[in-house]
Structure formats: structure tokens, C-alpha cells
Amino acid sequence: MTLVYLHTSNGMSKSAFEAVTYSKKIGNEVIVLTAGNADANTLATLGSFGAQKVIVNRAIDGSDEQQVSTWVCNHAANAENILFLHDVAGKAIAPRVSVRLKAGLVAGAVALPEMDQTIKVNVFSGKAFGFVKVNSQKRIISLLANSIAPEKIAEVCPVEEVNETIESSGIKILSTKKPEGNIPLPEAELVVSAGRGLKGAENWGIIDDLASALGAATACSRPVSDIGWRPHHEHVGQTGIAIRPNLYIAIGISGAIQHLAGVNGSKVIVVVNTDKEAPFFKAADYGVLGDAFEVIPRLTEAVKRFKLNQ
Amino acid sequence: MKTLVCISKAPDTTSKIAFTNNNTAFDEAGVQYIVNPYDEWYALVRALEIKESVGGEVTIVTVGPNEDDAIMRKALAIGADKAVRIDANPKDAYFVATQIATYAKTIGFDMVLTGKETINYNGSQVAGMIAESLGFPLISLASKLDVEGTTLTLEREAANGVEVVSVNAPIVVSCAKGMAEQRIPNMRGIMAARTKPLEVIPPAACDDLTTFATFGSPLAKSEVKMIDPNNMDELVALLHNEAKVI
């Protein structure tokens, strides 16, 4: 049996479907655990991707990872595989479950297990990959977003609502600051990112326009977030966040190795730069040598025309 | 605050990443090691700032062989009070976390800080594993940490934004960007680091739960295709028809 824990308090993300599809492919019976007040009809849609049953614990809200870890372990006796997403929740819960159950954790899996049951992960900030072998009987996997395409194979599944109280860790949540922008960067399939080449915070309008035409999230390079042109949570790179969208458009970013470390998992990279020696061109699939202030509005118009004709 | 900061070495960002022994081990030839940036810039520097404002002691710990003393001296130069090296080759995250937790239990710390991940294995596992082994709460991916008495107020990354949380020590915190600014060690720090205590202790018995079977390097990117800056319709068409990403 494969047990999947999903954090659903903020709605169902595409990566939740990816996790269930992944689980279905590694083990026949898939049971999803979740906490909080997600609507039962919404949870039932996980059945379409292969979940046999969803168990939702209404007594805990999922924000206390220590509590969640205990609850997951309580249900893990018959699980051969325990799956998490390699996201904020998974990074806090999976290691705890690994210690509690003395089960090896494959952190940040990017593919299904190989024939020899090793699982591929990215290492050295995406500059290499490795195949992890788990030495314990139970196996814990945290899956990186965008690693597998969700496959609809069935209809809805039953949702079992339980009220299992678990001791709290004592962490009190005082408030939550919501991020700006609609699409969370780590999950975004399309990302428009800009650097110092934009010359000032006031020039980000052309970036926002392109992003909204594409339905993309926005990101930036480290200097830009350090100067305060853009918020820190948009900073991608070695010391910011690492992303792996389908399309990464880098505008006015030279492509320092620290920046590349955060984006080299992208499927396709487009680079727009005035400097033909910019190292980013070497990592790009498509390059445009030109001034962002001319090229980007033109690209935005081209995207709008394309969308109209779709 | 009695604080333990976990330090890992990591290859300098410009290092060539290659593998040896039939692609089963990282090739260390010619590799320059640095203190893992998340451990140094965020965890260690914030621990020192807290010590400077409320008092206490900052101990650094690593799991590694003799050669790692150099990394520990560097972290001492930034301002840690003393260093402990657990004398073993780190096998996997569970092994490292078990060693550090075993040591931490014998001393008793109010806070255990780690970087959010290492830049070599990027697993983000050790902090959670230490927290579980010690039975402490974990604040994962924290970008702010303030201490008042035994109460800590932190900001952490959450699924729906940034959460402001409060919790009582003892805790484990994994530190991300925003925590602190980089500190460059000065000459006085470097001189003082030479005489600060660096204790070497033997490892505890521990199984490794995972093993890297093999490593590999991604295929080189094909040549970049340059597009006429006056013809963005062509770029859009290529992204749709050839790359199939829009």
C-alpha cells in the first residue's frame, strides 16, 4: 500500500494530482491522508488519479507539522511507500516520519523508480543527478513538483472524515502574510524573470504585462531582490529558491552560475539580453539579442496575437 | 541562549562537479570547499547576532573527516565560540542527523540551527530529522528569528505565504534567506579562531537508511537558437510548435 500525505488547506494544487499519479504507478493501493477543512467533494477528485480512499482528519489543520507527522505514522503500519510533495509541508514532515519509522527518505524525487528501485534526484543544485537506494523495508519519497504528468484514470473515490486528536507541538501561528501575485513561483509552469538589465523597479510593468499575457509567474535575480526592486520571495538562484518550470524567460539577467543553479531544471530557457557575451546564452534554448524595452513589449503583443488565434 | 549551529561543507559554486569510482562518489580532486552558504550566512550569523543581543554561547558542529577542521576554523573566525567535529564520513542525512542529535542530547541546547539545505545534496532533511530525534518542534524554512526570554518569534515559509509564529525553546530552526546578512571574518576573528576549542568526538553507531547508487551529469545543452529581435512572432511559434511549452 502507498500512503500519500497532502496539504490541502489552501485548495488542491496540480502537484497533489502529480503525487497521486506517482503513487498509483509505484503501488496498487493508494490511500491519501490530509488534514484540515478541505471540502469532501474536492478531496474525492483525487480518486480520478488513482486514490482508493481519502482520509481527512478534521481534528487537526495541517499547519503543525509535528502533529501531522505523528498522525501519518499512526497510519503507516501497512504502508510500503509513504509519499509527500517536496514542498514546504513535505520538507518539514517527511524527515520526521523517516526518523520515527527508521525508513529511508528519497528527498526531492524527480522520476519514478528505476528497474533496480533506485530513484533519481537532483544534486549539486541541479548540476548533476544521483540515484538513491533505500536500505530499509519502508520507503519514504518526497516528490518535486513538475516531475510527472497527472493521469486521470478513474472517477471520484470515497472520503472518510475522521476526528483524531493529536498532541500539538506548541507552535502558535500569530499571522499570515499572503504573497503578492496569483501564481506561486515553485509550482508555476511558466516564469518570466528579470534582472538588473531592467534598470529600476519602475520598469517592471513590461515584465508584468508579459507574465499576465502568458499566465506566468514573475521572478527575479539576486541583485534585484537585494536592492529591493522586487520582493525576496521572487529571488531564484542558489541562495533564493530553485524552480523547474516548463518555460523560463530570463530578461536582462547575465546568468551568473549562482543564478543558473536555481533555474537549470527548467525545460526550456529563453534569454533576452543586450550583451552577446552574457553567459546565460550558453544555457539557453532560444536567445534574443536586443534591448528588453523594445523586445519585451513586442513579445507580449506576439503572445496576445497567438492566444487570440488559439 | 545556548545555541548549536550545524555546519556542512559544500564545494565552491565554481567547482567542477564530477564523479569517480564508476560514478559512485563525488570526485573531490581540485575541489575547493566552503561552509555551506545557508549554514554560514543565515544560521551561523543569526545565532551570533542573537548572542550579541541577549547573551549565550554559540557552538558549531559538523560530521566529517580531519580535513573539515579547515571549514570549522573558518566558521570560528566568523565568531562561533567553540567547535565540535564528529569524526566520521557522513553517509546520508539520517546518519548526520543522528550524530548531531546524539551530541546535542549530551549537552542540552536551547536552539539548534541549520541552513535550509546544503548546496550539494539539497535534501532539506537534516533539520527535521534532528528535531524528531530530540523531540523538539521544528520551524522549517525560517526567514526571521527573534528571541525574547525563552519565547521565539519567527517567520517561516508556508503554503499560503509567510507565517509569523511563536514557540518556546528548545527548538530546531532551518534558516533561509532573510535571516541575516553575510559576515566577512576580520583579521582579529581569524587570529582568535586559531586558539578556540575544536573538540573531536567519535560517532555513535548508526545505520544508513539510504545510499547513492550512482551519479550522473546532465547532457550538455544544444546550441542556443538565436531569434531576430524584430520577429517575436517567430519566437512564440517556436515555443508553441517546437518546444511545446505554450
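Residues numbered from 1 in each chain as written. Chains lettered and ligands numbered in written order. Predicted model: local features only at pLDDT ≥ 70, side-chain atom pairs only at ≥ 80, totals over all residues.

### Thoughts on the overall build of chain B
Put simply, the rule is: The helix and strand labels rest on DSSP assignments: H or I over at least four residues marks a helix, E over at least two residues marks a strand, and numbering proceeds from the N terminus. Exposed residues have 12 or fewer other C-beta atoms within 10 Å of their own C-beta, buried residues have 20 or more, and partly exposed residues fall in between, where C-beta atoms are placed from the backbone. Contact between two residues is assigned when their C-beta atoms, built from the backbone, lie within 7 Å.
A tally of regular secondary structure across chain B gives six helices and 15 strands. In terms of principal-axis extent, the alpha carbons of chain B reach across some 65 × 45 × 40 Å. Taken over 246 residues, chain B has a buried fraction of 50%. Relative to all contacts within chain B whose residues are 6 or more apart in sequence, the contacts with residues 24 or more apart total 70%.

### Details of the interface of chain B and chain A
Formally: Three residue categories are used. Nonpolar comprises Ala, Val, Leu, Ile, Met, Phe, Trp, Tyr, Cys and Pro, charged comprises Asp, Glu, Lys and Arg, and polar comprises the others, including Gly. Two strands form a pair only when DSSP identifies at least two bridges running between them.
Facing the 62 residues of chain B at the interface are 75 residues of chain A. Broken down by secondary-structure element, the contributors of at least two residues to the side of chain B that touches chain A are helix H4 (126-134), strand E9 (138-148), strand E10 (151-158), strand E11 (161-168), strand E14 (210-216), strand E15 (225-227) and helix H6 (232-241) of chain B. The element best represented in the side of chain B that touches chain A is E11(B), accounting for eight residues. Of the residues in the side of chain B that touches chain A, the class split is 33 nonpolar, 21 polar and eight charged. Here strand E15 (residues 286-289) of chain A pairs with E15(B) via three bridges, running parallel.

### A few points about the sheet that holds strand E7 (residues 82-87) of chain B
To keep it simple, the criterion reads: In this description, a line fitted to the C-alpha atoms serves as the axis of each element, helices being fitted only across the stretch in contact, and the angle between N-to-C directions of two axes falls anywhere from 0 to 180 degrees.
Pairing is mixed across the open sheet formed by ten strands, whose spatial order is E10(A)-E11(B)-E10(B)-E9(B)-E12(B)-E8(B)-E1(B)-E6(B)-E7(B)-E13(B). Each having just a single partner strand, strand E10 (172-177) of chain A together with strand E13 (198-201) of chain B make up the two edges of the open sheet. Taken over all neighbouring pairs, the strand axes of this sheet differ in orientation by 30° on average, direction set aside. In this sheet, E10(B) lies alongside E9(B) in antiparallel orientation, the contact comprising six bridges. Residue pairing for E10(B): Glu148(B) is matched across the bridge by Thr151(B).

### Quick notes on the nonpolar core
Rules: A set of buried Ala, Val, Leu, Ile, Met, Phe, Trp, Tyr and Cys residues, joined through C-beta atoms within 7 Å, is what we mean by a nonpolar core.
Val5(B), Ala75(B) and Ile130(B) are the most contacted members of the largest nonpolar core, which totals 131 residues. It is helix H3 (residues 93-107) of chain B that contributes the most residues to this core, nine residues altogether. In this view, Val5(B) contacts Asp39(B), Ala43(B), Leu44(B), Ala47(B), Val58(B), Ile60(B), Ala80(B) and Leu113(B); residues no more than four positions away in its chain are not counted. Counting residues in hydrophobic clusters, the runner-up holds 54 residues, among them Ala216(A), Ala242(A), Ala261(A) and Ala302(A).

### So, the domain arrangement of chain A
All names here are of chain A. Defined as follows: As annotated, the domain borders come from an automatic or database domain assignment.
With domains assigned, chain A is organised as domain 1 (2-162) and domain 2 (185-309). Here domain 1 and domain 2 have C-alpha centroids that lie 31 Å from each other. With ten residues of domain 1 in contact, the opposing surface of domain 2 contributes eight residues. Counted by class, the side of domain 1 that touches domain 2 contains one nonpolar, six polar and three charged residues.

### Details of the pairing of strand E8 (residues 139-143) of chain A
Residues and elements named next belong to chain A. In terms of burial, E8 is a largely internal element, five of the five residues being buried. Of the two faces of E8, the one holding Arg139, Ile141 and Leu143 and the one holding Ile140 and Ser142 are both buried throughout. The pairing of strand E4 (residues 81-85) with E8 spans five bridges and is classified as parallel. Pairing of Leu83 across the sheet is with Ile141, part of E8. Where strand E5 (residues 104-109) meets E8, five bridges bridge the pair, whose relative direction is parallel. Following the sheet pairing, Leu105 is matched in E8 by Ile140.

### Focus on the pairing of E7(B)
Regular strands show a simple pattern: their side chains alternate between the two faces of the sheet. Residues and elements named next belong to chain B. Note the following rule: When the strands point away from the viewer, a crossover counts as right-handed if the route from the first strand across the helix to the second turns clockwise.
Relative to E7, strand E6 (residues 57-64) runs parallel, the two sharing six bridges. The partner of Thr59 across the bridge, within E7, is Lys82. As for the winding sense of the linkage, the β-α-β connection from E6 through helix H2 (residues 69-78) to E7 is right-handed. In terms of strand pairing, E7 meets E13 through four bridges, oriented parallel. Each bridged residue has a counterpart across the sheet, and for Ile86 the counterpart in E13 is Ile201.

### Points about the sheet that holds strand E11 (residues 190-194) of chain A
Strand order in the open sheet formed by six strands is E12(A)-E11(A)-E13(A)-E14(A)-E15(A)-E15(B), and the pairing between neighbours is parallel. Only two strands of the sheet have a single partner each, and these edge strands are strand E12 (217-220) of chain A together with E15 of chain B. Across the sheet, the mean angle from the axis of one strand to that of its neighbour is 20°, orientation sign disregarded. Bridge count between E11(A) and strand E13 (residues 247-251) of chain A: five bridges; the pairing is parallel. Each bridged residue has a counterpart across the sheet, and for Val192(A) the counterpart in E13(A) is Ile249(A). Strands E13, strand E14 (268-273) and E15 of chain A of the sheet are contacted by helix H9 (residues 292-309) of chain A, whose axis makes an angle of about 135° with E14(A). Strands E13 and E15 of chain A together with E15 of chain B of the sheet are contacted by H6(B), whose axis makes an angle of about 170° with E15(A).

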